[in-house]
Amino acid sequence: MSAPIFDPIAPVRIPIKGEESSFAVANVYGITRNYDPDGTLRALPERPAPAIFTKSAQWVVGSGAIIPYPAATERFEPEIELMIAIGAPAYQMSDEAAAAAIYGYAVGLDLTRRDLQHAAREKRDPLDIAKWFPGATPLSTIVRTTDINHPNHGAITLDVNGVRVQEGNLDQLIWKPHEIVALLSRFFPLVPGDIIFTGTPPGEVALKSGDILHGEIDGIGVLDITIEGAQK
Ligand code: MN
């Protein structure tokens, strides 16, 4: 094969706690509607199936990033989420087998142009326009399952400028991480480097330029970002 006419985009690399090597991001998947604070949905004989979406792997950024306020939105919102980091191929796996494909976990933000999402949903248009923009996926240092196992409990919080705006606990997840991996693996051959959003706890806020975000999941880590630049 001849040389490419331009330098291919290099994968984003995220640090791993206790590891010299980094985690090169391949694809970004996510599910929605996965927190159930009062337990009613978890108690149903058939839990409601989540929706599946994707984001650009190119626009993952590490903790400490300064994120430009994205273009074309007047309602820019954060979603604090537990992120799954895939470390082995997973295709059409059982729940049990899927757990072994999880390399580790991180704190992530699913940043969203909410006004564009709502407008697209109303018109039954694709929703990608809400989720694809530079800086859309901030991610903390990854912690390995060999160090922490699989979390099933722990507070998940987001503060904006020191004010608590989102709060939940991992024990409120309707679909657990290994079940999410198994679900996605029915549709996609997951590969090492894939990361998966697992849904966000209650709490909404509109972000503006200058906002300082601090996300935290007990036992997983912290994520700090700043929003800068004018609305366009
Ligand atoms: Mn989300």
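So, here is what we can say about the structure in this document. It should be emphasised that the depicted structure is a prediction, and the values quoted were computed from it without experimental measurement. Along every chain, residues carry numbers that run from 1 in the direction the sequence is written. Given that the model is predicted, a residue must reach a pLDDT of at least 70 before its local features are reported, and side-chain atom pairs must reach 80 or more before they are shown or counted; all residues, however, enter totals for whole chains, interfaces and linings. To obtain the side-chain values, all non-hydrogen atoms of the structure were used and water was disregarded.

### Notes on the overall build of the chain
Numbering of helices and strands runs from the N terminus; a helix is a DSSP stretch of H or I covering at least four residues, while a strand is a stretch of E covering at least two. Check the secondary structure of the chain and you find five helices and 17 strands. Here the chain has a C-alpha radius of gyration of 17 Å; the compact-globule value for 232 residues is 17 Å, and the two agree. C-alpha extents for the chain along the principal axes are approximately 55 × 45 × 40 Å. Only heavy atoms matter for contacts: two residues are in contact if any of them lie within 4.5 Å across the pair. The long-range fraction of contacts in the chain, counting pairs at least 24 apart against all pairs at least 6 apart in sequence, stands at 77%. Accessible area for the chain stands at about 11400 Å²; split by element, carbon and sulfur atoms hold 55% of it. Charge assignment: positive for Lys and Arg, negative for Asp and Glu; neither His nor the chain ends contribute. The atoms used to mark charge sites are NZ of Lys, CZ of Arg, CG of Asp and CD of Glu. For the chain, the distance from the average site of its 19 positive side-chain charges to the average site of its 29 negative ones is 4 Å. In this setup the radius of gyration rests on C-alpha atoms only. A globule is expected at 2.2 Å times the number of residues raised to 0.38. Throughout, the Shrake-Rupley method with a 1.4 Å probe supplies accessible areas, and for residues the shown protein chains are the sole cover considered.

### Details of the sheet that holds strand β17 (residues 221–228)
The rule for pairing is simple: two strands pair if DSSP sees at least two bridges between them. Taken together, the five strands give an open sheet; going across it, the order is β6-β17-β16-β13-β14, and neighbouring strands pair in mixed fashion. Both edges of this open sheet fall to β6 (66–68) and β14 (163–169), since each of them pairs with a single strand only. Taken pair by pair, the neighbouring strands of this sheet meet at an average axis angle of 20°, ignoring direction. Note on geometry: axes are C-alpha line fits, over the in-contact stretch for helices, and angles between N-to-C directions span 0 to 180 degrees.

### Things to note about the pairing of β14
If a strand is regular, its side chains alternate between the two faces of the sheet. The pairing of strand β13 (residues 155–160) with β14 spans six bridges and is antiparallel. Following the sheet pairing, Val160 is matched in β14 by Val163. Between β13 and β14, which pair antiparallel in sequence order, lie two residues; one of them, Asn161, sits at a positive phi of approximately 55°.

### Focus on the pattern of salt bridges
Salt bridge, as used here, is a side-chain nitrogen of Lys or Arg placed within 4 Å of a carboxyl oxygen of Asp or Glu. Counted by the stated rule, this structure contains 13 salt bridges. One salt bridge connects Asp110 with Lys131, and the closest N-O pair in it is separated by 2.8 Å. Of this pair, Asp110 sits in the loop between β9 (102–109) and β10 (112–113) while Lys131 sits in helix α3 (residues 128–131), and the two are 21 residues apart along the sequence. For the pair Asp110 and Lys131, one class covers both residues: buried. Each residue is assigned to one of three classes by its accessible area relative to the maximum for its type, calculated with a 1.4 Å probe on protein chains only: buried under 20%, partly exposed between the two thresholds, exposed over 50%.

### Points about the packing of aromatic side chains
Each Phe, Tyr or Trp ring (for Trp, its six-membered ring) is paired with any other whose centre lies within 6.5 Å, and the angle between the two planes then decides the class: stacked below 30 degrees, edge-to-face above 60, tilted in between. Enumeration according to the criterion identifies six aromatic pairs in this entry. Taking 6.3 Å as the distance between ring centres and 25° as the angle between the ring planes, the aromatic pair formed by Phe53 and Phe197 counts as stacked. Of this pair, Phe53 sits in strand β4 (residues 52–55) while Phe197 is found in strand β15 (residues 195–197), placing the two residues 144 residues apart along the sequence. Take Phe197: its relative accessible area is 0%, and that puts it in the buried class. On the numbers, 6.2 Å between centres and 50° between planes, the contact of Phe187 with Phe188 is tilted. Overall, Phe187 belongs to the partly exposed group, its relative accessible area being 48%. One Lys or Arg, Arg47, reaches over the ring of Trp175 and ends 4.0 Å from the middle of that ring. The aromatic ring of Phe53 is capped on one face by Lys131, whose charged end is 4.7 Å from the ring centroid. A positively charged side chain is recorded as over a ring if its NZ (Lys) or CZ (Arg) lies within 6 Å of the ring centre. The angle to the ring normal must also be within 35 degrees.

### As for the coordination of the manganese ion
Atoms of type N, O and S within 2.8 Å of a metal are treated as its donors, and for Na, K and Ca the window is 3.2 Å; water is not considered, so some sites may appear to be missing partners. Here the manganese ion is held by Glu79 (OE), Glu81 (OE) and Asp110 (OD), and the distances to it run 2.0 to 2.2 Å. In the primary structure, the donors to the manganese ion are separated according to the pattern E-x1-E-x28-D. When its relative accessible area of 10% is taken as the criterion, Glu79 is described as buried. A relative accessible area of 1% places Glu81 in the buried class.

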